[in-house]
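Chains, contacts and geometry: an overview
One-letter residues, chain by chain:
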Amino acid sequence: MSQPPLSRPRGGGTAEWRGVTTASKRSRLAQKRIVEVMTSPCLLWRDADDGEVPRAPLKLGAKVSVLGQFELKCVLENQMAPPLDLETFGRYCESEHSEENLIYVLIVRMFLDFEPKREDYLDAVRLISDEYIAEGSTHEVNISGELRKKQLEDVRIVLDQDLNDIVEDYSVFAKSYSEVYSMLRRDTFFRFKRTVALNGRVTAARNAALWCCYREQTPDCGSFFTVPNPTNVVHYRLYRLIAAILNTVALVDYGTGGLEISGDFTLGLLCLTVNCATNLLRAICGPRLDPISFIVIFLFEPVVRHFGIWETKFVSNKSRRWGEAMSAAWTAIVIVGVALQEDIVVYIFAVSQTLTGFIHAFSDDK
């Protein structure tokens with residue numbers, strides 16, 4: 001099976017990597033980073049300041065499910081927010097005492113990403129082999145005896161090269177990587193998706209919505225314009241339910257001639273404008289400027305949780321931003337149809353969007 005493209009994992013030294021332009025400096029930095037994570041492998045998913053903290057018990061959901069697109073590749077590239085992020089998955093592997101497979105996969109990805117040269121390349125190959133492939137090594141990965149023998153032979157061929165005629169073969173660990181990745185995906189990741197560690201997702205959502213009140217957590221420009229992924233299903237359904245209700249009010253108002261609020265501006269147009277604006281705001285920066293998000297997080301969600309509906313289900317969708325943007329565009333077309341009195345356009349677009357909203361609000365079809 002072909003594996004996903006490799007990229008720098010968390011702990012890959014992004015800040016110290018900036019400004020490093022020459023191949024020799026990149027190579028030395030790569031070797032330094034690989035040696036560093038060999039000394040304390042949990043730095044691959046933990047922050048440096050808590051890298052030596054002992055294993056802590058995780059709060060696990062009794063029955064957790066993740067809807068939508070959620071793959072191991074998304075976790076390894078740290079594309080997800082808690083509780084589906086790399087740090088939570090790493091701590092979950094620690095709790096199962098199965099972190100050696102995750103460490104190996106992240107180390108090989110780092111090796112391919114940094115591309116050390118000449119003696120740094122040879123040192124990196126030797127370190128990875130001695131630490132993860134050799135029998136009896138500290139973090140020996142569980143691969144077949146035949147593959148281990150073949151992998152060690154490939155490493156020996158690489159290390160026997162003359163330094164003056166060296167060819168850096170960055171695919172030297174490809175076969176063992178593929179087998180370990182497959183085991184990680186089939187076993188640990190499979191269980192992780194069903195017993196996701198819950199780390200106060202509601203608190204995180206509230207802090208994101210009230211970003212201006214948490215000065216020590218004020219997001220930078222890059223993180224401000226992000227859409228949280230995953231989204232708690234309770235929040236997601238409430239977003240869709242409110243949007244569907246607003247569309248329903250708009251349809252009824254349009255069909256009955258329109259309740260004028262000011263001049264030609266009717267109640268239906270107000271509902272459509274609110275829907276369009278909130279969808280657009282969520283597409284741009286998640287819940288940080290969206291008034292509907294404030295209503296969901298601070299008014300409706302506490303009421304729902306009062307009845308014992310906890311965060312044991314999440315919606316994962318990397319294209320959520322584009323989905324919100326398309327909803328905004330769809331609503332904008334309805335607004336134009338209302339303004340031009342184009343009944344066919346209004347009813348086709350508004351009815352289809354309303355039905356979709358109610359389906360998403362009351363089903364697991366995300």
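Residues numbered from 1 in each chain as written. Predicted model: local features only at pLDDT ≥ 70, side-chain atom pairs only at ≥ 80, totals over all residues. Heavy atoms only, no water.

Taken as a whole and judged by the stated rule, the model has 12 salt bridges. The partner of glutamate 96 in a salt bridge is arginine 191, and the shortest N-O contact between them spans 2.8 Å. Residue glutamate 96 is found in the loop between helix H4 (86-95) and helix H5 (99-114), and its partner arginine 191 is found in helix H9 (residues 188-194); the two are separated by 95 residues along the sequence. Via salt bridges that share partners, Arg240, Arg282, Asp290 and Glu324 belong to a single interconnected network. (Salt bridge = Lys/Arg side-chain N within 4 Å of Asp/Glu carboxyl O. Helix = DSSP H or I, 4+ residues; strand = E, 2+ residues; numbered from the N terminus.)

Two quantities define a packed helix pair, namely the angle between the axes and the distance from one axis to the other. The interhelical angle for the contact between helix H13 (residues 267-285) and helix H15 (residues 320-339), taken along N-to-C directions, is 155 degrees, at an axis separation of 8 Å. When the axes of H13 and H15 are compared, the pair comes out roughly antiparallel. Helix-helix and strand crossings are classified by hand; for H13 and H15 the assignment is left-handed. Note on element contacts: H15 touches H13 through Arg321, Glu324, Ala325, Ser327, Ala328, Thr331, Ala332, Val334, Ile335 and Val338, opposite Leu269, Leu272, Thr273, Asn275, Cys276, Asn279, Leu280, Arg282, Ala283 and Ile284. Looking at the contact of H13 with H15, its residues break down into 12 nonpolar, five polar and three charged. (Axes fitted to C-alpha atoms, helices over the stretch in contact; angles between N-to-C directions. Parallel < 35°, antiparallel > 145°, perpendicular 65-115°, else oblique. Left-handed = near helix turned anticlockwise from the far one by under 90°. Contact = heavy atoms within 4.5 Å. Nonpolar A, V, L, I, M, F, W, Y, C, P; charged D, E, K, R; others polar.)

Now for the side chain of serine 293. Its location among the elements puts serine 293 in helix H14 (residues 291-306). The exposure class of serine 293 is buried, given its relative accessible area of 0%. Reaching out from serine 293, the side chain makes a polar contact with the side chain of tyrosine 239 at a distance of 3.3 Å. At a separation of 2.6 Å, a polar atom in the side chain of serine 293 contacts the side chain of aspartate 290. (Buried < 20%, exposed > 50% of the residue type's maximum accessible area, 1.4 Å probe, protein only. Polar contact = N/O pair within 3.5 Å; in protein donor to acceptor, adjacent residues only side chain to side chain.)

Let's shift gears to the packing of aromatic side chains. Enumeration according to the criterion identifies 12 aromatic pairs in this entry. Aromatic side chains phenylalanine 89 and phenylalanine 189 sit 5.9 Å apart centroid to centroid with 90 degrees between the ring planes, which places their arrangement in the edge-to-face category. Remark: phenylalanine 189 occurs in helix H9 and phenylalanine 89 occurs in helix H4; sequence separation between them is 100 residues. Looking at phenylalanine 189, the relative accessible area reads 2%, which means it is buried. Each residue in the set Phe89, Tyr92, Phe189 and Phe192 is aromatic and connected to the rest through ring pairs, giving one cluster. Over the ring of tyrosine 236 we find arginine 240; its NZ or CZ atom is 5.1 Å from the centre of that ring. Directly above the aromatic system of tyrosine 239 lies the positively charged group of arginine 282, at a separation of 4.7 Å from the ring centroid. (Phe/Tyr/Trp six-rings, centres within 6.5 Å; stacked < 30°, edge-to-face > 60°. Lys NZ or Arg CZ within 6 Å of the ring centre and 35° of its normal.)

With that settled, consider helix H8 (residues 174-186). In this model H8 runs 18 Å from its N-terminal to its C-terminal C-alpha over 13 residues, within 8% of the 18 Å that 1.5 Å per residue would give. Residues of H8 that are buried: Ser176, Tyr177, Val180, Tyr181, Ser182, Met183 and Leu184. Looking at the buried side of H8, the elements it contacts are helix H3 (72-76), H4, H5, helix H6 (118-133), helix H7 (145-159) and H9. (Expected span 1.5 Å × (residues − 1).)

The end-to-end C-alpha distance of H13 is 27 Å, a good match for the 27 Å that 19 residues give at a rise of 1.5 Å each. Those residues of H13 that sit buried are Gly268, Leu269, Cys271, Leu272, Asn275, Cys276, Thr278, Asn279, Arg282, Ala283 and Cys285. Once H13 ends, the next one or two residues include glycine 286, with phi positive near 65 degrees.

A few words on the nonpolar core. Counting residues in hydrophobic clusters, the biggest one holds 47 residues, and the most contacted among them are Phe89, Leu102, Tyr104, Phe111, Tyr121 and Phe173. Breaking this core down by element, the ones donating at least two residues are H3, H4, H5, H6, H7, H8 and H9. Tallying contributions element by element places H5 first for this core, with 10 residues. In contact with tyrosine 104, other than residues within four places in its own chain, are Ile128, Tyr132, Ile133, Val141, Gln151, Phe173, Ser176, Tyr177 and Val180. The next biggest cluster of nonpolar side chains, apart from the first, holds 18 residues, and it includes Leu238, Tyr254, Leu272 and Val346. (Core = buried A, V, L, I, M, F, W, Y, C linked by side-chain atoms within 4.5 Å.)

Bear in mind that shape data such as this cannot, by itself, settle questions of function.
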